[in-house]
Amino acid sequence: MDPVDTGSCGILRQPKAVWATAGASVVAFMGIGLVDPILPSIAEGLDATAGQVSLLFTSYFLITALAMLVTGFVSSRIGGRRTLLLGLALVVVFAGLSGTSGSVGELVGFRAGWGLGNALFVSTALAVIVGAAADGSAAAVLLYESALGLGMACGPLVGALLGDASWRYPFFGTAFLMAVGFVCITAFLKEQPRPARRTSLLDPVKALGHGGLASTAVSAFFYNYTFFTVLAFTPFVLDMSPYRSGAVFFAWGVLLAVFSVIVAPRLQRRLGSLTVLGGSLVLLAVDVLVLGHGGRTTVVVCTVLSGALIGVNNTVYTELALGVSDAPRPVASAGYNFVRWFAAAAAPYFAPKIEEWSDVHMPFTVAAVTAVLGALVVLVRRRALTAEAEELRPGHATGDGVGVLAN
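Residues numbered from 1 in each chain as written. Predicted model: local features only at pLDDT ≥ 70, side-chain atom pairs only at ≥ 80, totals over all residues. Heavy atoms only, no water.

A.B. asks: I would appreciate a short explanation of the overall build of the protein chain in the present structure.
C.D. replies: Check the secondary structure of the protein chain and you find 16 helices and 1 strand. In the protein chain, which comprises 407 residues, the proportion classed as buried is 59%. Taking the intrachain contacts of the protein chain between residues at least 6 apart in sequence as the baseline, contacts between residues at least 24 apart amount to 87%. For the protein chain, the accessible area works out to roughly 14900 Å², and carbon and sulfur atoms hold 67% of it. (Helix = DSSP H or I, 4+ residues; strand = E, 2+ residues; numbered from the N terminus. Buried < 20%, exposed > 50% of the residue type's maximum accessible area, 1.4 Å probe, protein only. Contact = heavy atoms within 4.5 Å. Areas by Shrake-Rupley, 256 points an atom, 1.4 Å probe, with all protein chains shown as cover.)

A.B. asks: How should I be thinking about the nonpolar core in this particular structure?
C.D. replies: Most often, soluble globular proteins have nonpolar side chains that are buried together. Counting 107 residues, the largest nonpolar core has Ile42, Phe61, Phe121, Ile185 and Phe228 as the members making the most contacts within it. With 12 residues, helix 10 (residues 211–238) is the single largest residue contributor to this core. Residues contacting isoleucine 185, with those up to four places away along its chain left out, are Ala20, Thr21, Ala24, Arg81, Leu84, Leu85, Leu88 and Phe121. (Core = buried A, V, L, I, M, F, W, Y, C linked by side-chain atoms within 4.5 Å.)

A.B. asks: Honestly, the packing of helix 10 against helix 15 (residues 362–380) in this entry has me stumped. Any pointers?
C.D. replies: Two quantities define a packed helix pair, namely the angle between the axes and the distance from one axis to the other. In contact at an axis separation of 8 Å, helix 10 and helix 15 are set at 160° when each is read in the N-to-C sense. When the axes of helix 10 and helix 15 are compared, the pair comes out roughly antiparallel. Seen from above, helix 10 lies across helix 15 with left-handed handedness. Touching Ser215, Val218, Ser219, Phe222, Tyr223, Tyr225, Thr226, Thr229, Phe233, Thr234 and Val237 of helix 10 are Pro363, Phe364, Val366, Ala367, Thr370, Ala371, Leu373, Gly374, Val377 and Val378, all from helix 15. In terms of residue class, the contact of helix 10 with helix 15 is built from 14 nonpolar, 7 polar and no charged. (Axes fitted to C-alpha atoms, helices over the stretch in contact; angles between N-to-C directions. Parallel < 35°, antiparallel > 145°, perpendicular 65-115°, else oblique. Left-handed = near helix turned anticlockwise from the far one by under 90°. Nonpolar A, V, L, I, M, F, W, Y, C, P; charged D, E, K, R; others polar.)

A.B. asks: Help me understand the side chain of serine 219 in this model?
C.D. replies: For serine 219, the location among the structural elements is in helix 10. Taking relative accessible area as the criterion, serine 219 reaches 1% and is therefore assigned buried. Among the polar contacts listed, one links the side chain of serine 219 to the backbone oxygen of glycine 374, at a separation of 2.8 Å. (Polar contact = N/O pair within 3.5 Å; in protein donor to acceptor, adjacent residues only side chain to side chain.)

A.B. asks: Hey, could you run me through the environment of glycine 23 in this one?
C.D. replies: Within the secondary structure, glycine 23 is located in helix 2 (residues 16–33). Each C-alpha atom of the pair glycine 23 and alanine 147 lies 7.2 Å from the other, and the pair is 124 residues apart in sequence.

A.B. asks: Is there a simple way to think about the packing of aromatic side chains in this case?
C.D. replies: Any pair of aromatic rings gets described here by the distance separating the centres and the angle formed by the planes. Across all of its chains, the model carries 17 aromatic pairs by this definition. Measuring from ring centre to ring centre gives 5.8 Å for phenylalanine 249 and tryptophan 252, while their planes differ by 70°; the resulting arrangement is edge-to-face. Of the two residues, phenylalanine 249 and tryptophan 252 both sit in helix 11 (residues 242–271), 3 residues apart, roughly one turn of that helix. The exposure classification of phenylalanine 249 matches that of tryptophan 252, with both residues buried. Here the guanidinium or amino end of arginine 77 rests over the ring plane of phenylalanine 73, the centre of that ring lying 3.7 Å away. Over the ring of tryptophan 114 we find arginine 111; its NZ or CZ atom is 4.8 Å from the centre of that ring. (Phe/Tyr/Trp six-rings, centres within 6.5 Å; stacked < 30°, edge-to-face > 60°. Lys NZ or Arg CZ within 6 Å of the ring centre and 35° of its normal.)

A.B. asks: Looking at this structure, I do not really get helix 8 (residues 169–188). What am I missing?
C.D. replies: Every α-helix carries 3.6 residues per turn, so stepping three or four residues along brings you back to the same face. The end-to-end C-alpha distance of helix 8, which contains 20 residues, comes to 29 Å, matching closely the 28 Å that a straight helix rising 1.5 Å per residue would cover. By the burial criterion, the buried members of helix 8 are Pro170, Phe171, Gly173, Thr174, Ala175, Met178, Gly181 and Ile185. (Expected span 1.5 Å × (residues − 1).)

A.B. asks: When you look at unusual backbone geometry in this model, what are you seeing that I'm missing?
C.D. replies: Glycine aside, a negative phi is what most residues show, and trans is what most peptide bonds show. Phi angles above zero are rare outside glycine, and aspartate 47 is one such case at about 55°. The topology assignment puts aspartate 47 in the loop between helix 3 (39–45) and helix 4 (50–78). The exposure class assigned to aspartate 47 is exposed, which follows from its relative accessible area of 72%.

A.B. asks: Got a minute to help me understand the packing of helix 4 against helix 10 in this structure?
C.D. replies: Their axes nearest at 10 Å, the elements helix 4 and helix 10 cross at an angle of 155°. On the basis of the axis angle, helix 4 is roughly antiparallel to helix 10. Once helix 4 is placed against helix 10, the crossing between them reads as right-handed. Contacts between helix 4 and helix 10 involve Ala50, Val53, Ser54, Phe57 and Phe61 on the former and, on the latter, Phe228, Leu231, Ala232 and Phe236. When grouped by side-chain class, the residues that make up the contact of helix 4 with helix 10 number 8 nonpolar, 1 polar and no charged.

A.B. asks: Is there a simple way to explain the environment of alanine 24 in this structure?
C.D. replies: Mapping alanine 24 onto the fold places it in helix 2. Taking the C-alpha atoms as reference, alanine 24 lies 5.0 Å from glycine 181; in sequence the two are 157 residues apart. Ignoring anything within four residues of it in the chain, the contact list for alanine 24 reads Leu88, Phe121, Met178, Gly181 and Ile185.

Below, the structure written as C-alpha cells:
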C-alpha cells in the first residue's frame, strides 16, 4: 500500500464520524507539545525550577505508559466509542484543572490525569477511524497520520499564541477544543462491533516475549529518551519568548509531519526499513550532540532539523512494532508503547538533573549516546528484525498513537 498514492483519491471522501475522530486526534496530539514554548513562563508563574516544570512531561508519559496495559482491556469491554468519549472527558476535566493550578505540584498531578485520558483516546482512535472509514483502511491510516503530524506541528504554535497572554490559557483552550470533539463524536460516531476476544491486562506484556517486538521496544526506549530530551529540555536552552520558541517548534513539527508521512515511506522503499532506521538514529545522535554544544543559531537550526529525523524514526518504529510479531496489532502496539513511553517519562526528569550535576551540555551528550544505543540494538538484533522488516510495505501499519509517538 502506498499511502501517498492512495490518500489522494480517498482521504477526502470520509463520513462525518471519521472527520470528527480525526479532528479530535489533532487536538489530542497537540497536547504533547502544547506546553513546550510556555515551560519557562510556567516556571516563572509558579516560582518553579526547570526540573520541577519538566515533570509535566514525566507525569504525563509515566501514566501514558502504564495506561497501555489498560486501554485494550477497557476498549474490548465497553467498545471503541465509549472508550474515546471516556478519554476525551478525562482530558477536558484535567486540561481545565491544569489551567487553575496554584502550584507546580498540582499542575504535575493534573497532567497525569490528562495523560490517562489521552492514552485512552489515542490508543483507540486509529481502530475507530479504520472501522468507520470509506474506501478501505489505506486512506484512513493516512488521515490518522496527517492528524498526528498536524497536531504535533500546531501544538507548540497554539501554546505560544495563547501562552503569550498567560501560561494558563493553552490549558483552557485545549479543554474547550476537546469538549467540541466530545460533542462531535457523540453526535456522529456510532458504536462499532466489539472484538471477538477480550484483551487481558497481561496480554501486552506477554506479547513482549517475542524477540523481534522486544528488540523494537528496547531500541525505541533509547530513541525516545533522545526525542524527549529535545522536546522537554531544549526550551530552557533556547530561553526565548513563547512566540519565538513556538515558531521554532512549529517548524520542528512541520518537518516531523512531512518526513513521517511522505519522506520515510520513500526512503524505506529505496533502502529498506532497518537501514533507514539505523542511519536516522546515528544522524539524530550527531544532530543532538551539535545542538548541545553550539551557539544560539546552532541550537535553533539543530532543533528544527531534529524534527525531520524524528519523523522518519517514528514511522519506521511504528511499522516494525505492528508488523514484527504475530500478536494482534492493538496488543503488540500496547506492549511496545508500554516500554518506550517510560523513556519519555525519564528524559524530562533526568535532563535537568544531569545539568545540575555537570553543565548544560551534558544532557545532550547523554541523549546522543542513547540514540547510538538505539541504533546498536537494531544492528545487533538485525537478524530478529530483518525478515519481518523487509516484508513490511511503507504505510502498511502506521499510526500507533505517537507513531509518533510517538509514537
